[in-house]
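Observations on the model geometry
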Amino acid sequence: MAEVEVREIRKSFGGGNPAVDGISLTCKNGEYLVLLGPSGCGKTTLLRMIAGLEAPTGGDVLIGGKSVRALPPRARKIAMVFQSYALYPHKKVVQNISFPLEAQGMSAQERMEKVKWAAGLLGIDHLLQRKPRQLSGGERQRVALARALVREPQVFLLDEPLSNLDAKLRASARLELKQFQQRVGVSTIYVTHDQVEAMGLGDRIAVLNQGRLQQVGTPEEIYHHPANTFVATFVGSPPMNLLERDGKLIGFRPENIRLEKNAGSRDDATVFRGHVLRVENLGSDRYVYLRVKDAHGDTNVIAKFAIAEPLEFSNDEDADLVIRNRNINFFDRDSGQKAAA
Amino acid sequence: MSEPAVHRTVIIDESFRVHHLLDRESVLGPVMLSPLLIYLVALIGLPLVFVFIYAFSDATTGSDSFGFVGLQTFQTTLEDPVFRIALRNTVVFTVLAQLVVIVLATVLGFVLSADFRGKWFVRFLILLPWTTPVALSALAWLWMLDSLFSPFNWILGNLHVVDQGTPVAWLGQDSLAVGSVVALQAWRTLPLAAVILMAGLTSIPPELNEQAEVDGAGFWRRFFDITMPLLAPIMMVAILFGIVATFTDMAAVYILTRGGPGNATQVLGSWSFYTGIQGGSLAQGAAIGIFMFPVLLGVCILMLRRASQTEVV
């Protein structure tokens, strides 16, 4: 177990913008840190630099307070789970799990004990004699985790480990991943482009875009107090609505909108005049698509209501949007950064 | 039930037109395949049948008499000491050449799949031997191994490894001649093997090696524990091609040594040619040639079975 820190780390692959452009970030001891961003934002490159699979162009990587920049991956005491799980296809599950121990030069008997311990922890004892191609997606993930765990690493690095699973399996795999990490308590850095995974798994989330760190914070901070318009619109589905008024951008979540007829002006709330374009029933929720006139012109806004809530509006009706002031985030119109009210 | 009948009528009407006829796979397939089939039957199938017929006969090039003699030709062949030398040489040359090829092709496979400045030129050089007909390249080797004009002798002489006054007779001494033939066979089968292994290396997902690196494995462990086992099936295919090419070849020996000195480099291919065509004993030449058949068939079955059993990514 150890703290992982990157300092002003940078990576360019020659030509164009750098993939990672000066990121400083710390994953505390035993913390579950999620790197979240769209594809091409540099999150995987950052993870690979921490693993030592990619040499940084500048900056430093520290594990347990010591610089590991000069160390090869095998000397960093890390374990990595790839998106594809990268199980060795010609080896049985038991050989896959014991491979890192073999590389350490551990005796056969000790290896077997460790493999049994890791397999027991992940509930894959019965799969030890199988080959990877005989396993389901979820079983492969568990084997990959067992192989990562068996060496008792200081840090887990997980690169989109759920993206190869089908949607049905993903929710239960998420639960397993989280329970597993809580049990072993090892610092974990988890890369994903899926904001639901990030919200659900992370102790803290680091949002990346175009090689730069946008915001680090707890899921609540990221969701309710985004640092800029990128985070505001990337996290949350549907994303935060942005309207322009008095030279500022006003951001509010779809579920924080109330629709009223002829709402007057309020002290504790902000009111916009809108027009309902369409009401969409999604089973558990209703999305209401509205057009609102702001300083920018016509802007589309999405409001979200639980299906249990009665809705008195239908297509092609005027409606006033009422948003409580405490649910509103202000952003600078030009920089997109968080601004005062 | 009337609807399908209507459909069928339409199809038959349409098919009277030629370009629609070619749209049908049952017509287009055989048409496209026919050139290959004609080639296979005329140039490989028929000669093969003739070889089997001749091997059980007393046919010669000198007369058109033809009589079946059963296994007598085979008996004569087996008793012939040169045949035994040729059989042994064929096996030895094939094994030695392919051992060299396995090692060098793996190295070259890595070179071919690596990314570096000027790789197109290196790739071009590696593939060059493959594009040259055997007869031509064997002539070039003949010159390089010539006792008077050999550049090898010139280099070794100037390095004072050998005495310039008594040049090495590369093709005149038994062991050196064997080495020369093996070198030529390895040299000419190497490019194809290297390209096949390159394809094999490219098909191994890079994460597997990265995973092994993170798991703590050094270069040699990754090479022998991850790369080699995953490369094995495709390596089998590469060696199979090499074995077939070396085992059946006669051009290299024919041009380089004519089977000499004595019969030191005689192989089945060249001995079959000398006996059957130049010596005029068609029957015996065919019988010698047939000895390649069961060996190659066995090798093919063995290796293809082995290759298909191995785990592929």
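Residues numbered from 1 in each chain as written. Chains lettered and ligands numbered in written order. Predicted model: local features only at pLDDT ≥ 70, side-chain atom pairs only at ≥ 80, totals over all residues.

1. Here we look at the packing of helix α9 (residues 174-203) of chain B against helix α11 (residues 219-248) of chain B
Residues and elements named next belong to chain B. Look at α9 against α11: their axes get within 9 Å of each other, and the N-to-C directions meet at 160°. Taken together, α9 and α11 sit at an angle that is classed as roughly antiparallel. As α9 runs across α11, the sense of the crossing is right-handed. Together, Gln185, Thr189, Leu192, Ala193, Ile196, Leu197, Ala199, Gly200 and Leu201 of α9 and Leu231, Ile234, Met235, Val237, Ala238, Phe241, Gly242, Ala245 and Thr246 of α11 make up the contact between the two elements. (Axes fitted to C-alpha atoms, helices over the stretch in contact; angles between N-to-C directions. Helix = DSSP H or I, 4+ residues; strand = E, 2+ residues; numbered from the N terminus. Parallel < 35°, antiparallel > 145°, perpendicular 65-115°, else oblique. Left-handed = near helix turned anticlockwise from the far one by under 90°. Contact = placed C-beta atoms within 7 Å.)

2. Focus: the domain arrangement of chain B
When the domains of chain B are assigned, the result is domain 1 (1-40) and domain 2 (76-312). For domain 1 of chain B versus domain 2 of chain B, the separation of C-alpha centres amounts to 46 Å. (Domains from an automatic or database assignment.)

3. Concerning the interface of chain B and chain A
In this complex, chain B contributes 16 residues to the contact, which on the side of chain A involves 18 residues. Counting residues per element, the ones that place at least two in the side of chain B that touches chain A are α10 (206-214) and α11 of chain B. A per-class count over the side of chain B that touches chain A returns 8 nonpolar, 2 polar and 6 charged. (Nonpolar A, V, L, I, M, F, W, Y, C, P; charged D, E, K, R; others polar.)

4. Remarks on the sheet that holds strand β9 (residues 204-209) of chain A
Sheet strands pair by backbone hydrogen bonding; their relative direction is either parallel or antiparallel. Residue and element names in this part refer to chain A. Spatial ordering of the open sheet is given by β6-β7-β8-β3-β9-β10, a layout of 6 strands whose pairing is mixed. Edge strands, defined here as strands with exactly one partner in the open sheet, are β6 (78-81) and β10 (212-217). The mean angle between the axes of side-by-side strands here comes to 15°, regardless of whether they run parallel or antiparallel. Contacts from helix α4 (residues 137-149) reach β6 and β7 (155-159) within the one sheet, and its direction differs from that of β6 by about 170°. (Pairing = 2+ DSSP bridges.)

5. A short note on the nonpolar core
Ranked by size, the top nonpolar core spans 145 residues in total, and within it Val34, Leu35, Ile50, Ala146, Leu157 and Ile189 of chain A together with Leu197 of chain B carry the most contacts. Of the residues forming this core, the biggest block, 11 residues, is contributed by α9 of chain B. In this structure Val34 of chain A touches Tyr190, Thr192, Ala198, Leu201, Gly202, Ile205 and Ala206 of chain A, once residues within four positions along its chain are discounted. (Core = buried A, V, L, I, M, F, W, Y, C linked by C-beta atoms within 7 Å. Buried ≥ 20, exposed ≤ 12 C-beta atoms within 10 Å, placed from the backbone.)

6. Some remarks on the pairing of strand β8 (residues 187-192) of chain A
Residues and elements named next belong to chain A. Burial analysis of β8 places 6 of its 6 residues in the buried class, the great majority of the element. Neither face of β8 is left uncovered, since the one carrying Ser187, Ile189 and Val191 and the one carrying Thr188, Tyr190 and Thr192 both have all their residues buried. Bridging between strand β3 (residues 32-36) and β8 involves 5 bridges; their strand directions are parallel. The partner of Tyr32 across the bridge, within β8, is Thr188. Sheet topology places β7 next to β8; 5 bridges connect them, and they run parallel. The residue of β8 that forms the bridge with Val155 is Ser187. In this region the chain leaves β7, passes through helix α5 (residues 167-184) and returns to the parallel neighbour β8; the handedness of that crossover is right-handed. (Right-handed = clockwise from strand over helix to strand, strands pointing away.)

7. A look at the packing of helix α5 (residues 81-113) of chain B against α11 of chain B
Residue and element names in this part refer to chain B. Interhelical geometry of α5 versus α11 gives an angle of 145° and a closest axis separation of 9 Å. Viewed along their axes, α5 and α11 form a crossing whose handedness is right-handed. Between α5, through Thr90, Phe93, Thr94, Ala97, Gln98, Val101, Ile102 and Ala105, and α11, the contact on the second element is made entirely by Met235, Ala238, Ile239, Gly242, Ile243, Thr246 and Phe247. Here the contact of α5 with α11 is built from residues that sort into 10 nonpolar, 5 polar and no charged.

8. Section: the sheet that holds strand β16 (residues 297-306) of chain A
Residue and element names in this part refer to chain A. If you trace the 5 strands from one edge of the open sheet to the other, you get β13-β17-β14-β15-β16, paired in antiparallel fashion. The open sheet terminates on both sides in strands that have one partner only, identified here as β13 (257-260) and β16. Between one strand axis and the next, the sheet turns through 40° on average, direction left out of account.

9. Topic: unusual backbone geometry
Across residues other than glycine, the phi torsion is negative in most instances, and most of the peptide bonds are trans. Residue and element names in this part refer to chain A. Between Ser237 and Pro238 the backbone carries a cis peptide bond, its omega angle lying at -5°. Its location among the elements puts Pro238 in the loop between α8 (229-234) and β11 (241-245). Positive phi, close to 50°, is recorded for Glu152, a residue that is not glycine. Along the chain, Glu152 falls in the loop between α4 and β7. For Asp316, which is not glycine, the phi torsion reads 65° and is therefore positive.

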